[in-house]
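This is what each chain is made of:
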Amino acid sequence: MKRQNRVTKANQLIQAQLVESKVSLSVREQKIVLAIISLISPEDDNLKDYELSIKKLCELTGIDESNLYRNRMRDIATNLTTSSIRIIRPEEPDGALYTTWFSDVDYRPREGVVRFSISKKLRPYLLQLKSHFTTYQLKQITSLRSTNAIRMYELLRQFYPEKSEEPVVYSEIKVANLRAYLGIEDSKYKRFNDFKKRVLDHVREELTDKTDLTFNYKTKTHGRKVIAIAFSIFKNNVSEPVDEFDEYEQALELEKTLEDKVAEYLPARLVVTVFNKFDRNRIERNFDYTVVQIELGDVKNPGKYLWSAINEDYAKDDSSSSLEDEINDISWVDRRDNF
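In this text, all values refer to a predicted model and were calculated from it rather than measured experimentally.

Here's the deal with the nonpolar core
Right, so step 1: If you look at the biggest cluster of nonpolar residues, it comprises 75 residues, and the most contacted ones within it are Met152, Leu178 and Phe231.
Right, so step 2: If you tally residues by element for this core, the top one is helix H2 (residues 27-37), at 7 residues.
Right, so step 3: Not counting the four nearest positions on each side in its chain, leucine 178 is found in contact with Met152, Leu155, Ile173, Phe195, Leu200, Ile229 and Phe231.
Right, so step 4: Leu266, Leu270, Val274 and Phe275 belong to the second largest nonpolar core, which has 13 residues in total.

So, in structure tokens, the structure goes:
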């Protein structure tokens, strides 16, 4: 594969959120954006005007020529210069850069050519990239038929570089962030089951059928709400590997602090109270004791039980302790708004 047929972007651009508007890029338009980016050379210092014949553009993108002439090309040019993206910068997390992919698209039907001018604001995200970037072969996305599949491929490729020697790579993405990256409007797929069926499962099937990358996933919940998705990403040149999420879950658990674990059961204000009043050994042994009781099915209200366990030191055979009135007051457990 020639190097001009590789798509290379800064990871911040991969993670750019699509701004909700009346203009959203179609699959054809997404492929054109990536095809033009693939023409940038690693040695380029500045963005150029990239001129292509309609025939060449079709060869790069896999789009049928009948879909890139006259009125259709005019509509595509309009969308490419008006559809906005939002780039979040680490140094300004509360702000963002709002821009478009192209400042100009010059369509000349008599000559059968199109000239593309990439927005100058994108220069630091496309040129002279030394670290924190993602690169992949353009041909990997040209046969994809959905915008979600193209965006998901880029996101997963960011976590699993082509040269990675790891058999499986794990990553966790918040559901809200994933919806933003994919450009899914708030009004669509409100129920997670719909999002799972229409987006996650459909995209996984498409990537497995047509690209060099695929994935498994598990959901992460808070109460009954799905808040994040844990992905296992792997190469798509062998049969699907054994599900290794047990290792992933163990790794996540090891990364959690004792405070994090307790906070899964108690409100933040009570977590602070507990760690101010008791030593860590007492908290830890009663947390572990509570987890065991929960697994045995003996606990109906885990938060209340953990609070009482720490207060009464259930895990210690021959001792008990008392707390100040503020701590002994466990009336909060019956008030749902505290969780």
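Moving on from the model shown.
Some points on the packing of H2 against helix H3 (residues 54-61)
Right, so step 1: Relative orientation of the contacting elements H2 and H3 amounts to 100 degrees, with a least axis distance of 9 Å. On the basis of their axis angle, the class for H2 and H3 is roughly perpendicular. Along its contact with H2, which presents Lys31, Ile32, Ala35 and Ile36, the element H3 presents Leu57, Leu60 and Thr61.
Right, so step 2: Grouping the constituent residues of the contact of H2 with H3 by class yields 5 nonpolar, 1 polar and 1 charged.

A word on the confidence of the model for the protein
Right, so step 1: For the protein, mean pLDDT is 82; residues scoring 70 or higher make up 84% of the total.
Right, so step 2: Segment residues 238-248: pLDDT under 50, and 16 contacts once partners within four positions in sequence are set aside and those in other chains are kept.
Right, so step 3: Contacts from residues 318-339, a stretch scored under 50 in pLDDT, to residues over four places away or in other chains number 35 contacts.

Remarks on the sheet that holds strand S10 (residues 213-222)
Right, so step 1: With respect to topology, 3 strands assemble into an open sheet ordered S9-S11-S10, the strand pairing being antiparallel. This sheet does not close on itself; its edge strands, each paired only once, are strand S9 (169-174) and S10. For this sheet, the mean angle separating the axes of adjacent strands, direction not counted, is 25 degrees.
Right, so step 2: Where S9 meets strand S11 (residues 225-235), 6 bridges bridge the pair, whose relative direction is antiparallel. When the sheet's bridge partners are listed, valine 169 is paired in S11 with isoleucine 233.
Right, so step 3: Relative to S10, helix H6 (residues 147-159) is tilted by about 90 degrees, and along the sheet it contacts S9, S10 and S11.
Right, so step 4: Together, S10 and S11 form the strand contacts of helix H8 (residues 192-210), whose direction differs from that of S10 by roughly 160 degrees.

Procedures and definitions
Residues numbered from 1 in each chain as written. Predicted model: local features only at pLDDT ≥ 70, side-chain atom pairs only at ≥ 80, totals over all residues. Heavy atoms only, no water. Core = buried A, V, L, I, M, F, W, Y, C linked by side-chain atoms within 4.5 Å. Buried < 20%, exposed > 50% of the residue type's maximum accessible area, 1.4 Å probe, protein only. Helix = DSSP H or I, 4+ residues; strand = E, 2+ residues; numbered from the N terminus. Contact = heavy atoms within 4.5 Å. Axes fitted to C-alpha atoms, helices over the stretch in contact; angles between N-to-C directions. Parallel < 35°, antiparallel > 145°, perpendicular 65-115°, else oblique. Nonpolar A, V, L, I, M, F, W, Y, C, P; charged D, E, K, R; others polar. pLDDT = per-residue confidence, 0-100. Pairing = 2+ DSSP bridges.

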